[in-house]
Amino acid sequence: MEIVENENQVMIRQMVRDFAEKEIRPHFMEWDETQEFPVPLFKKLGGLGLMGVLVPEEYGGSGFGYNEYITVISEIAQVCGSIGLSVAAHNSLCTGHILYHGSEEQKRKYLPKLASAEFIGAWGLTETGTGSDAGGMATTAVKDGDYYILNGSKNFITHAISGDVAVVIVRTGEKGDSHGMSAFIVEKGTPGFKSGKKENKLGMRASETAELIFENCRVHKDQLIGEEGKGFIQAMKVLDGGRISIGALALGIAQGAFKAAVKYSKEREQFGQPIAKFQGIAFKLADMATKIEAAELLLLQAAAMKMRGEKMTKESAMAKYYASEISVEVSTDAVQIFGGYGYTKDFPVEKFYRDSKLCTIGEGTSEIQKLVISRELFK
């Protein structure tokens, strides 16, 4: 499979690269240290059309496809994984859920605001006691006339505090019933809806992660996405695209760590020559480069199938699984190439190393991706 970038990708790559160097690189370690979620930065990203990459122009978006989307996420992640993660979560989860499953009225109401970053989006599926066992969720929505009353909480939610609107999947039927869950759009300021504890994380520290809490939160039936009982099915389809997002994020982190390692290996001298001349380093870099290209090909395959409207559950799971695993491997090897300096915050590879691990556990662990792949193989 030959990788040929289209004109949009070339233009977008340079635009994102320039923006990241000017607006992200000077501040990313400060944001990481303080765990600051830089809302003004995302407003600027919205102005460039990068918060609505996949949203059609008629709804205020950029109207691009998944090839361009992979370019955006991976380029940002090469500088800062935290910012890449938040851009990915906003685009593929909250915005994506409304784009692919919302009513026309919901699309026209929310997509322009999300695409411009007037609204920051959150998406809530995970709960404290259930994790990946979404069928056992405890958060409920009980119908009361023209309203639903939501009670419960969601955790590990990106943008739970700063988000202006959230798409949440809650139980409207029996536990364990895949047709017993429904998706709702809930706006910040809705009585009974608030954020909770902010997580203090190892990596991705500038990407805000916290709880969403519902206490007798009244949501009008017009905020139901699709039909009652379709929320879980919608969420699984959203996560197919979400796997491409996390795969692109992992790819970008690996690319950033690799580029830093190559640069350092050319500059660092030992025994009268750059360490890049030593076979042990050169072979390690060759392995890293090969893994990165393989991950990119898997992502492009999944993206092509997604754009053709084909079922790509297996392919997206493979892409996410492999890209996430090699992100950790490449980042680890980059730290090794830097030696003691790689363990300090004076060089970027320690942050790539910390950020990379989230890709193997966020939005479905690598073990879950292998389960998805194996199930698809034996159908």
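Structure: see above.
First, a word on what this report is: a plain description of the structure on this page. (Residues numbered from 1 in each chain as written. Predicted model: local features only at pLDDT ≥ 70, side-chain atom pairs only at ≥ 80, totals over all residues. Heavy atoms only, no water.)

## Regarding the overall build of the protein
Part 1 of the reasoning: Secondary structure summary: the protein contains twelve helices and ten strands in total.
Part 2 of the reasoning: For the protein, whose C-alpha radius of gyration is 21 Å, the value lies close to the compact-globule estimate of 21 Å for 379 residues.
Part 3 of the reasoning: Considered along the principal axes of its C-alpha atoms, the protein spans approximately 80 × 45 × 40 Å.
Part 4 of the reasoning: Looking at the protein residue by residue over its 379 residues, the buried ones come to 55%.
Part 5 of the reasoning: Working note: accessible area of the protein is about 16300 Å², and carbon and sulfur atoms make up 52% of it.
Part 6 of the reasoning: Of the charged side chains in the protein, 44 are positive and 49 negative, and the gap between their average positions amounts to 2 Å. (Helix = DSSP H or I, 4+ residues; strand = E, 2+ residues; numbered from the N terminus. Rg over C-alpha atoms; globule rule 2.2 N^0.38 Å. Buried < 20%, exposed > 50% of the residue type's maximum accessible area, 1.4 Å probe, protein only. Areas by Shrake-Rupley, 256 points an atom, 1.4 Å probe, with all protein chains shown as cover. Lys, Arg positive; Asp, Glu negative; His and termini not counted. Charge placed at Lys NZ, Arg CZ, Asp CG, Glu CD.)

## Here we look at the packing of helix α7 (residues 231-267) against helix α10 (residues 349-356)
Part 1 of the reasoning: Viewed as axis vectors pointing N to C, α7 and α10 meet at an angle of 155°, and their least axial separation amounts to 10 Å. Overall, the two elements α7 and α10 adopt an arrangement that is roughly antiparallel. In terms of crossing hand, the pair formed by α7 and α10 is left-handed. For the pair α7 and α10, contact is made by Ile253, Gly256, Ala257 and Ala260 and by Val349, Phe352, Asp355 and Ser356, respectively. (Axes fitted to C-alpha atoms, helices over the stretch in contact; angles between N-to-C directions. Parallel < 35°, antiparallel > 145°, perpendicular 65-115°, else oblique. Left-handed = near helix turned anticlockwise from the far one by under 90°. Contact = heavy atoms within 4.5 Å.)

## A few points about helix α5 (residues 81-101)
Given 3.6 residues per helical turn, the α-helix brings residues three or four places apart onto the same face.
Part 1 of the reasoning: In a regular helix each residue adds 1.5 Å, so 21 residues correspond to 30 Å; α5 covers 28 Å between its end C-alpha atoms and thus fits that length.
Part 2 of the reasoning: The largest bend along α5 reaches roughly 45° and is located at threonine 95. (Expected span 1.5 Å × (residues − 1). Bend = angle between axes of the 7 residues up to and from the residue.)

## Structural notes on empty space enclosed by the protein
Any space left empty among the atoms is revealed by the rolling of a water-sized probe across them.
Part 1 of the reasoning: Tallied over the full model, the rule gives two cavities of 30 Å³ or more.
Part 2 of the reasoning: In this model, the largest cavity occupies a volume close to 80 Å³.
Part 3 of the reasoning: Tyr66, Asn91, Ser92, Gly96 and Tyr100 are the residues nearest the centre of the largest cavity, which is lined by 14 residues in total.
Part 4 of the reasoning: When contributions to the lining of the largest cavity are tallied by element, the ones reaching two or more residues are α5 and α7.
Part 5 of the reasoning: Broken down by element, the residue count for the lining of the largest cavity peaks at seven residues, all from α5.
Part 6 of the reasoning: A per-class count over the lining of the largest cavity returns six nonpolar, six polar and two charged. (1 Å grid on protein atoms, 1.4 Å probe; cavity = no way out; pocket = protein on both sides within 12 Å on 5 of 7 lines; lining within 4 Å. Points joined across faces, edges and corners; volume = space filled by probe spheres on them. Nonpolar A, V, L, I, M, F, W, Y, C, P; charged D, E, K, R; others polar.)

## Side note on the pairing of strand β4 (residues 165-171)
Part 1 of the reasoning: Taking burial as the measure, the seven residues of β4 include seven buried ones, the bulk of the element.
Part 2 of the reasoning: Looking at chain direction, strand β1 (residues 121-124) and β4 are connected through four bridges and run parallel. Following the sheet pairing, glycine 121 is matched in β4 by valine 165.
Part 3 of the reasoning: Pairing of β4 with strand β5 (residues 181-187) involves seven bridges; the strand directions are antiparallel. Looking across to β5, one finds that valine 170 is bridged to serine 182. (Pairing = 2+ DSSP bridges.)

## Here we look at the packing of aromatic side chains
Describing an aromatic ring pair means giving the distance of the ring centres and the angle of the ring planes.
Part 1 of the reasoning: Counting across every chain of the model gives nine aromatic pairs.
Part 2 of the reasoning: An angle of 85° between the planes, with centres 6.5 Å apart, marks the rings of phenylalanine 271 and phenylalanine 278 as edge-to-face.
Part 3 of the reasoning: Phenylalanine 271 gets classed as exposed once you look at its relative accessible area, which sits at 79%.
Part 4 of the reasoning: Relative accessible area serves as the criterion here: at 28%, phenylalanine 278 is assigned to the partly exposed category.
Part 5 of the reasoning: Ring-pair connections join several aromatic residues into one group, and the members of that group are Tyr264, Phe338, Tyr341 and Phe347.
Part 6 of the reasoning: Above the plane of the ring of tyrosine 100 lies lysine 306, whose end atom (NZ or CZ) is 5.0 Å from the centre. (Phe/Tyr/Trp six-rings, centres within 6.5 Å; stacked < 30°, edge-to-face > 60°. Lys NZ or Arg CZ within 6 Å of the ring centre and 35° of its normal.)

Just distances and angles here, no functional claims.
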